[in-house]
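Coordinate inspection notes
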Amino acid sequence: MSTPEQRRFIGRISGQTIFALGFLAFSAVLLSQIGQETKWVKKTAFFAQPRFWPAIGLGGMVLFGGLHLWRLPRRRPQRTDLNEARIWAQPLEYALWFIAYVLLVPRLGYLPVTMAFVPLMLWRMGYRRAPILWAGVGFGVVVVVLFKAVLQVKIPGAAVYEYLPSGLRSFFILNF
């Protein structure tokens with residue numbers, strides 16, 4: 001059952017509390033670091049100071065973030081807020097997949113990592129049939145050939161290629 005304050009509030013309520021708390025905390029952390037990140041230069045006009053406008057912006061973020069939190073109909077997170085935050089965090093999974101891909105390419109090689117990650121991403125998105133997964137492997141090969149041979153993108157060779165015999169090593173470094 002909603003309270004009178006919640007009935008007067010225009011807009012969505014779920015997620016507002018966590019957003020307001022997170023925004024206020026993030027803004028306060030940024031404002032606390034302004035002394036290390038900017039300077040106050042002597043013999044410079046007040047409005048031309050390197051610290052002035054960032055301080056105005058961050059101060060406004062803290063002030064208006066605090067006012068936003070204060071004016072919310074409820075300030076304690078509830079289950080709906082946590083569900084909303086979980087939905088907001090779901091795209092971060094794909095950023096983690098991309099970071100893993102970027103970290104593995106220099107170690108294992110562009111071709112093998114791409115051939116593994118495309119079907120993994122297809123699997124993660126819900127495509128479970130073998131023909132589609134094999135099409136993903138083929139797509140990975142086409143992408144590598146397109147980037148390395150046609151577009152001639154220079155991608156460093158993998159660390160694992162150092163264990164190959166010298167002739168094979170140079171072939172793999174140049175082509176895969």
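Reading the values: the criteria
- Sequence positions are assigned chain by chain, starting from 1 and proceeding in written order.
- For this predicted model, a pLDDT threshold of at least 70 governs which residues receive local features, and a threshold of 80 or more governs which side-chain atom pairs are given and counted, while totals over whole chains, interfaces and linings are taken from all residues.
- To obtain the side-chain values, all non-hydrogen atoms of the structure were used and water was disregarded.
- Only DSSP runs of H or I with at least four residues qualify as helices, and only runs of E with at least two residues qualify as strands; both kinds are numbered from the N terminus onward.
- A helix is expected to span 1.5 Å for every residue after the first.
- At every residue, the bend is computed as the angle between two fitted axes, covering the seven residues ending there and the seven beginning there respectively.
- Only protein chains enter the accessibility calculation, which uses a 1.4 Å probe. A residue is then buried if its area is under 20% of the maximum for its type, exposed if over 50%, and partly exposed in between.
- Pairs of residues are marked as contacts when any of their non-hydrogen atoms sit within 4.5 Å.
- Any Phe, Tyr or Trp ring, taking Trp's six-membered ring, that has another such ring centre within 6.5 Å forms a pair; planes under 30 degrees apart are called stacked, those over 60 apart edge-to-face, and the others tilted.
- Each ring is checked for a lysine NZ or an arginine CZ that lies within 6 Å of its centre and within 35 degrees of its normal; such an atom marks a charge sitting over the ring.

Concerning helix H5 (residues 79-108)
One turn of the α-helix equals 3.6 residues, which is why residues spaced by three or four share an orientation. Between its first and last C-alpha atoms H5 spans 43 Å; for 30 residues at 1.5 Å apiece the expected length is 44 Å, and the two agree. Taken as a whole, H5 carries its principal kink of about 25° at Gln-90; the proline Pro-91 stands between one and four residues after it. Within the span of H5, buried status applies to Asp-81, Glu-84, Tyr-101 and Val-105. Among the structural elements, helix H2 (16-32) and helix H6 (110-124) are those in contact with the buried residues of H5. Looking one or two places after H5, you find Gly-109, whose phi comes out positive at around 110°.

Focus: the packing of aromatic side chains
On inspection of all chains with the given rule, the structure shows 5 aromatic pairs. Ring centres of Phe-19 and Phe-23 lie 6.0 Å apart, and the angle between their planes is 20°; this geometry places the pair in the stacked category. Here Phe-19 pairs with Phe-23, and both are found in helix H2, just 4 residues apart, close to one helical turn. What makes Phe-19 partly exposed here is its relative accessible area of 45%. Ring geometry for Phe-52 and Trp-53: centres 4.7 Å apart, planes at 80°, overall edge-to-face. Following the ring pairs from residue to residue traces out a cluster consisting of Phe-19, Phe-23 and Trp-88. Stacked on the ring of Trp-70, the Lys or Arg Arg-71 has its end atom at 5.9 Å from the ring centre.

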